[in-house]
Each structure stands twice: as C-alpha cells, then as structure tokens.
Protein chains: 2
Amino acid sequence: MTNIKEVARQAGVSASTVSRVLNAKGYVNEATRQKVLQAVQQTGYRPNVLAKSLKSGRSNTICLMVPSMQNPIFPEMARGVEDVARRSGFTVVLCNTNEDDTVEKAYIDKMKTQWIDGFVVCSSMGRADHIRALRGEGFPLVLVNRFEERDVNRLDIVAVDNFKAAYDAVQYLIGAGHRRIALASGREELYFYRERFRGYCRALEDAGIPLDDALVLRETSGVESFDRLTREVMALPDPPTAVFAASDPKAFVVMHALHDMGLRIPADVSVLGFDNVSLSSMVEPPLSTVAQPLYEMGAVATKNLIHQIRYKEQNGQLPPPVHSVLGVDLIVRRSTR
Amino acid sequence: MTNIKEVARQAGVSASTVSRVLNAKGYVNEATRQKVLQAVQQTGYRPNVLAKSLKSGRSNTICLMVPSMQNPIFPEMARGVEDVARRSGFTVVLCNTNEDDTVEKAYIDKMKTQWIDGFVVCSSMGRADHIRALRGEGFPLVLVNRFEERDVNRLDIVAVDNFKAAYDAVQYLIGAGHRRIALASGREELYFYRERFRGYCRALEDAGIPLDDALVLRETSGVESFDRLTREVMALPDPPTAVFAASDPKAFVVMHALHDMGLRIPADVSVLGFDNVSLSSMVEPPLSTVAQPLYEMGAVATKNLIHQIRYKEQNGQLPPPVHSVLGVDLIVRRSTR
DNA sequence: CTGAAAGCGCTAACAG
DNA sequence: CTGTTAGCGCTTTCAG
C-alpha cells in the first residue's frame, strides 16, 4: 500500500500538503493541487483509515448489536441500519449475541476498546447495566425495540407503542365478535412483551370480558413450545375462537398446530400475529398481523445515532435523549375473521 | 481512556515493559510483572486496538458481503460467519449490497482502505472482477455459494454441489411417479441456478422424460413473479403434477398460488423447495426441500478465511485455494408425495 | 531483564 | 501558500 509520504515524494511536496489537498483544508495553490491529485491518481493512493482514526479519535464505524439472526425481524432492522449508515459514510460492525448474556457483555467490552463511534442495540438482557452504562461513559447509544420503562428520558429509544398496538389488535378481534381470545405471550422479562400483554388485558377489560388465565399461553422453551400450548388450549371445554400471537414466529407455530389438529383458519379459529415479517404474507392462509416498521426502526435509530455522534463531536457532550415512537399498521389478511 | 503510558507511570516502569507483560513477549521479572498487572487493574486499562492495528497491519476484522438481508439464507450464513469470527477474536463488518452492483463495488473499494484482513463474499454480480481481483491484490477471500465455474482452483469457495443436489431432488420426484415436473428457476446469471437447472434437465433426460420448456418457470421481476407463472403453468392442458422450486422463497410463492387456485398440496400437486430456511417447516403443508447447510457454509468459509489470514501472516503469501463442497440433505416433509 | 527511541500513516499547529 | 515538527497509542529493535 502506498502511503501519503510516497505521494508527497512523487508530487514533489510535503505530506501535509497532500493531506490538505485531500481533505480540502486550508489554502493550497491550484498548480500544486493538480500535481498532488495527479500523483494520487498515478499511485492509486488510498488514505489509511486506521491512521486517520487513531489521530481523530473517530472511526466512522458503529456497532449493531442484535440478539438473534434467526428471528427475521432483526435482519430487517439490520437492513435499515446498514442502509442509513452506508449512505452517511459509516461502516457497521455486526454483533450477534444469540440471546447469550455473556456474549453480549463480552462484545460491549470489546467494542469499547475498539474504534466504535456508537451503538445501536437490541439488547437480549432485560436490565443490561453494562449497556445502559454506555451513555454515561460518553458513547452515543440508541436502543431499538427492546428497552425498559426506566430508560425513557434517560436513553435514546426507537420503538412502537406496544401497549396500544396490542390493545388495538385485540379490540379488532373483539369487534369481529370474538370473546374467547387466547394470547401467545412472549418472555416476560422483555418489557415490550409485558406491554403487549397489558394491552391484551386492557382491551379485554374495556370490553367487559374477564381475563381467563387459561387462555394465556406462556412460552417455556423457544417458540416451539406453542405447539404443545396450542393443542392444550384447544382441548379446553371452552376453547378460544381466536389466538393473538405476540410475534409472527409464534403465530406460525400456532397455525401449524391448528392445521395439524384439523382446525380451519379462520373458519374455526382466527390467528393474529405481530411483526409482519416478510413471510407472513406467504403462509396459508396469509397471516393478519400488526405491522411493525422494522426497516424504518433500524433506519431511524441509525439516523439518531449519527446525530448523536456529530453533536458530541461539536459540543463535547451527548444531546438530550429522544424517544421515537413509530406507528404500527394492523394488516388484515385472511387468518382472521 | 487511559493509555499504556499512564499504566507505565503508575507501575513505575516503561511503556515497553507494560507492552511486554500484556503480550507475553520476552522475559519480564515476575515482581515487575505483578506491578504492571496491578496498575492495569487499577486503571481499568484497555489497549487501543486501533493503534495496535496500525502497527501490526492487522485489524482482526473481516468483511462479510451479502447481497440481501431479505432472503433468509443470508442471515443464517451470517450467523455462522459471526460465530466463528467471534470465537477466533475477529470482528465482522456487515456489508449488505441489496443486490446493487454499484454498492458492492463501492464497498469493496472502501473496505480495501479500511485495513480489512479478509473477505467472505456472496457476490451479487455474476462476474464481479473487482472481487476476483482481491486475491491478486493479496487479500484473503472466500466466495460462498455464489461463484463462477472459472473460479474453481483460482479462488477459495464454499458451496454445495448444486447440480447433484438438483439432480437428486428431481430424481426423487420422478421416483415418486411424477412425469410432468415444473421448475421454478432462478436468475440465470447466477451459476448455481444454472447448475440447478442443469441437474433438473439431466435427471429428466436420464429418466427418458423429454424436457418441456413450458414447464420451466423463469423469474421475471422478483420471486412474486412465480405467482403469475404458477397460475399460467397450471392452466396448461397438461399441467405439472409437481413443482421443483430452485429456492424456498420461490416455493412459498408457488404454494400460495396453488392454494389460491384451490389446488391441494400434495394431493393435486407436489412442491419441492431448495434451501431449508427455518420457515419451511412451518408453512402448510410443511415444505419438502433440499437442505443446504447454511450456517455451516458461513462457518466453514470463515474458518478457511482465518486460515488464509494466519497463513499469509506467516508465509507472506496466500495458501493455495481450496474448494469446500458441503453435503445437502433431501428433507421430505408433507408437500410432496 | 528493562528502558530509550524509532516508527506505523496521518493530521494539525506553527512557522516561515 | 507550504514545509517542519510533534504526536495519536502501541510495538519492537537495540542498547545497556
């Protein structure tokens, strides 16, 4: 790799002049400018970003922390992150924790010593203090989707209103005449699942339908557990006529179990999902679901993060945190009626 | 951030001694070693990786180039890449090109100036010369899945035997009694799709079944085009009794169209996919498919890449290229008979 | 066994 | 307008 010195030699100038030309900093004679440019051309010189970063303390690199690549919502978010980052000249480092706390912790630790300008994180841990500490340590940070109540007004957040989204979804089901509505609920240590649960409860309550705990399906070991749970709940003397799944993958498992039992969707039981991953339109029947703007969530988070990075560079400190609440869409397809 | 000098000061030694202790290089008195370690503890010192890289010319960072995050095979491969990289102390930079040649080219260009140690690439371009040039320029490189015939023995490749896999798949269909077998084919500029096509043709030929071009469905604009194509082919006077889809997403679209036409799977027509993405077991009916070891492909590619990196460091040049052919599995579920 | 010094490639005062 | 100098944080001869 040819370096700046070599270019300087070829152009018959000093390294600083080359630097000035390339970074358009300070005045430089047009004639020498041309000489430098030509030398750059000839040598095919590319500045060493590493050296630049070492000097400037900025790397134009951000860290994207996701808990899983198997849940399709994360790749979709990642797409939004990558798109915005790339267009703004940032590189993204992919940190997949596989829902493993130890890995997440180790990654944070590693990234801090690395050359990272900021973090977009979907944390796997409910109360991951090492992540929350990041902001205190001066690192730009945006939480996407997964956050805690106490993070509001303390950290930057991008998410949807999970309570309201679930409330509206269940209300839609109730409006369609359902009274026995099961919930395929998610891990309770995650705030957004608690919120969706709360929305479910409130919608029921507001409609004067008593909450029946037998209709609340709680994930035990991975989404596959809903296969058994679905069979069990449908075997009840008074089984549900609709199942609201707190995520699309759960809905798929539920649908599969239902099919397997010979039940028709939506004739016998309606299924409503949450996420709108790309495959939800392709299953049979196409899944009605609450659409989260996944790509946009990643994009907005990254825009915010870059804003923080630039702001910090100019003002020496992080801007006040902003909480972005994006809208959801209830997409009615053919799995509900 | 405290630096090595600060640690040295606290320990009452020189920076070089601290370096020696931390990197276990050269002899160092046990007593001073302890002093250093203690100072490291107290200050919470973390070496600056950037400075290290600048010195060593190695960044322990690899680039993962994928054409899409929407096709679920890539996140799954990415998982394999990330897992192996992380365990070996490497960081992975995510470059998603969205199947855009310009983006891909720009990324390569950018990464070359980033002191990237190596590349794992699923190229979007059939003949991407700037990618192939990488090896010539001394960059460790592994092609996964997407490669050209002429790359064999010139570049490192990880893939399955697409010809044989397709051949076996079609032979299975023929063995089940099918004679009219449609192919939902992929973009022809991709070698592996051509290979799958060739396998389809050969299997037919070997069974004495004439190739009927009307049964070859060619993607026009995205996988959605198979919706129309499926309807058309089923409207033929002599429609197929089985459809072999060159990828699972195509199979999903085909199944969907079939359902929509009121056709039963597999009673009226069998559908066989290719990939075994995680959702293929959840659609209705569960999709029979040729399972590619996606995670493993990413993992093997990364292992190979890291081997190249280490080899190059020791020997000053890249090792001879290796072509890893991984095995596939025909998973028979309930969409075929 | 340990410290001093040089240098990875680049940028930013500071002179001139 | 341009060159010299210093230094980002670290490793690595080379002396001692």
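These numbers were taken from a predicted model, which means no experiment stands behind them. (Residues numbered from 1 in each chain as written. Chains lettered and ligands numbered in written order. Predicted model: local features only at pLDDT ≥ 70, side-chain atom pairs only at ≥ 80, totals over all residues. Heavy atoms only, no water.)

(A) Spatial organisation of the interface of chain B and chain A. The interface is formed by 51 residues belonging to chain B together with 50 residues belonging to chain A. Around 4600 Å² of area is buried between chain B and chain A when both sides are counted, 60% of it from carbon and sulfur atoms. For the pair chain B and chain A, the number of links is four salt bridges. Close ionic contact of D109 of chain A with R46 of chain B constitutes a salt bridge, the shortest N to O distance being 2.7 Å. For the pair chain B and chain A, the number of links is 20 residue pairs in polar contact (both at pLDDT 80 or more). Counting residues per element, the ones that place at least two in the side of chain B that touches chain A are α4 (49–56), α5 (73–87), β2 (91–96), α6 (101–112) and α11 (248–260) of chain B. Counting residues per element, the side of chain B that touches chain A draws most heavily on α5 of chain B, at seven residues. The residue makeup of the side of chain B that touches chain A, split by class, is 25 nonpolar, 13 polar and 13 charged. With two bridges joining them, strand β2 (residues 91–96) of chain A and β2 of chain B adopt antiparallel strand pairing. Residue pairing in the sheet places V92 of chain A in a bridge with L94 of chain B of β2 of chain B. (Contact = heavy atoms within 4.5 Å. Buried area = accessible area lost by both parts, 1.4 Å probe. Salt bridge = Lys/Arg side-chain N within 4 Å of Asp/Glu carboxyl O. Polar contact = N/O pair within 3.5 Å; in protein donor to acceptor, adjacent residues only side chain to side chain. Helix = DSSP H or I, 4+ residues; strand = E, 2+ residues; numbered from the N terminus. Nonpolar A, V, L, I, M, F, W, Y, C, P; charged D, E, K, R; others polar. Pairing = 2+ DSSP bridges.)

(B) Expanded view of the protein's contact with DNA strand C. Near DNA strand C you find 24 residues, and of these I4 and Y45 of chain A together with T17, N29 and K55 of chain B are the closest. The backbone of A51 of chain A places a nitrogen or oxygen atom 3.5 Å from a base nitrogen of DNA strand C. Of all the elements in the fold, those that place two or more residues in the surface near DNA strand C are α2 (15–23) and α4 (49–56) of chain A together with α2 (15–23) and α4 of chain B. If you tally residues by element for the surface near DNA strand C, the top one is α2 of chain A, at four residues. (Near = heavy atom within 4 Å.)

(C) Quick peek at the protein's contact with DNA strand D. The immediate surroundings of DNA strand D are formed by 23 residues, with S16, N29 and K55 of chain A together with I4 and Y45 of chain B found nearest. For DNA strand D, a base oxygen lies 3.0 Å from a polar atom in the side chain of S16 of chain A. A distance of 3.2 Å is found between a base nitrogen of DNA strand D and a side-chain nitrogen or oxygen belonging to K55 of chain A. Elements represented by at least two residues in the surface near DNA strand D include exactly α2 and α4 of chain A together with α2 and α4 of chain B. Of the residues that constitute the surface near DNA strand D, the class distribution is eight nonpolar, 10 polar and five charged.

(D) Local environment of the pairing of strand β5 (residues 156–160) of chain A. All names here are of chain A. Among the five residues that make up β5, five are buried, leaving the element largely enclosed by the rest of the structure. Residues D156, V158 and V160 of β5 are buried on one face, and the alternating residues I157 and A159, pointing to the opposite face, are buried as well. The pairing of strand β4 (residues 141–144) with β5 spans three bridges and is classified as parallel. In the sheet register, V142 faces β5, and the bridge partner there is D156. With four bridges joining them, β5 and strand β11 (residues 323–326) adopt parallel strand pairing. Counted as the bridge partner of V160 is L326 from β11. (Buried < 20%, exposed > 50% of the residue type's maximum accessible area, 1.4 Å probe, protein only.)

(E) Seen up close, the packing of helix α5 (residues 73–87) of chain A against helix α12 (residues 294–315) of chain A. Residues and elements named next belong to chain A. Closest axis-to-axis distance for the α5/α12 pair is 7 Å, and the angle between their directions is 40 degrees. Taken together, the axes of α5 and α12 are oblique relative to one another. In terms of crossing hand, the pair formed by α5 and α12 is right-handed. For the pair α5 and α12, the contacting residues are I73, E76, M77, R79, G80, V81, D83, V84, A85 and R87 in the first and L294, Y295, M297, G298, A299, T302, K303 and I306 in the second. Looking at the contact of α5 with α12 residue by residue, the class counts come to 10 nonpolar, three polar and five charged. (Axes fitted to C-alpha atoms, helices over the stretch in contact; angles between N-to-C directions. Parallel < 35°, antiparallel > 145°, perpendicular 65-115°, else oblique. Left-handed = near helix turned anticlockwise from the far one by under 90°.)

(F) Highlighting the sheet that holds strand β1 (residues 61–66) of chain B. Reading across the sheet, the 12 strands line up as β11(A)-β5(A)-β4(A)-β3(A)-β1(A)-β2(A)-β2(B)-β1(B)-β3(B)-β4(B)-β5(B)-β11(B) and stay open at both edges, with mixed pairing between neighbours. If you trace the sheet from one side to the other, it starts and ends with β11 of chain A together with β11 (323–326) of chain B, each paired once. Across the sheet, the mean angle from the axis of one strand to that of its neighbour is 20 degrees, orientation sign disregarded.

(G) Representation of the packing of aromatic side chains. The tally for this structure, following the rule as stated, stands at 12 aromatic pairs over all chains. Plain terms: the ring middles of F147 of chain A and Y191 of chain A are 5.3 Å apart, the flat faces sit at 65 degrees to each other, and that makes the pair edge-to-face. You can see F147 of chain A sitting in the loop between β4 and β5 and its partner Y191 of chain A sitting in helix α9 (residues 191–206), a full 44 residues away along the chain. Just as F147 of chain A is buried, Y191 of chain A falls in that class too. Arranged with centres 6.2 Å apart and planes meeting at 40 degrees, the rings of F163 of chain B and Y167 of chain B form a pair that is tilted. (Phe/Tyr/Trp six-rings, centres within 6.5 Å; stacked < 30°, edge-to-face > 60°.)

(H) Structural detail: the side chain of H256 of chain B. Relative to the helices and strands, H256 of chain B resides in helix α11. Overall, H256 of chain B belongs to the buried group, its relative accessible area being 16%. Apart from residues no more than four positions distant in its own chain, H256 of chain B is found in contact with S281, M282, V283, E284 and P286 of chain A.

(I) Broad picture of the pattern of salt bridges. Residue and element names in this part refer to chain B. Tallying each qualifying case throughout the model produces 60 salt bridges over all chains. Close ionic contact of D238 with R180 constitutes a salt bridge, the shortest N to O distance being 3.4 Å. Linking D238 in the loop between α10 (225–234) and β8 (242–245) with R180 in the loop between α8 (162–175) and β6 (181–185), this pair joins segments that are 58 residues apart in sequence. Classification of D238 by relative accessible area gives partly exposed; the value is 42%.

(J) The arrangement of the sheet that holds strand β9 (residues 270–275) of chain B in detail. All names here are of chain B. Ordered in space as β7-β6-β8-β9-β10-β12, the six strands form an open sheet in which the pairing is mixed. Each having just a single partner strand, β7 (216–218) and β12 (329–331) make up the two edges of the open sheet. Between one strand axis and the next, the sheet turns by 20 degrees as a mean value, whatever way the strands run. The pairing of β9 with strand β10 (residues 288–291) spans four bridges and is classified as parallel. Among the inter-strand pairings, D275 is bridged to a residue of β10, identified as A291. Docked against the sheet, α10 engages β6 and β7, running at close to 155 degrees with respect to β7.

(K) Broad picture of unusual backbone geometry. Going from I265 of chain A to P266 of chain A, the amide bond is cis rather than trans, its omega being 5 degrees. Topologically, P266 of chain A is positioned in the loop between α11 (248–260) and β9 (270–275). A cis amide bond, omega -5 degrees, links E284 of chain A with the succeeding residue P285 of chain A. Position of P285 of chain A among the secondary structure elements: in the loop between β9 and β10 (288–291). The residue N98 of chain B is not glycine, and still its phi comes out positive at about 55 degrees. Position of N98 of chain B among the secondary structure elements: in the loop between β2 and α6. The partly exposed category is assigned to N98 of chain B, whose relative accessible area is 29%.

Purely spatial values, then, with no claim about function.
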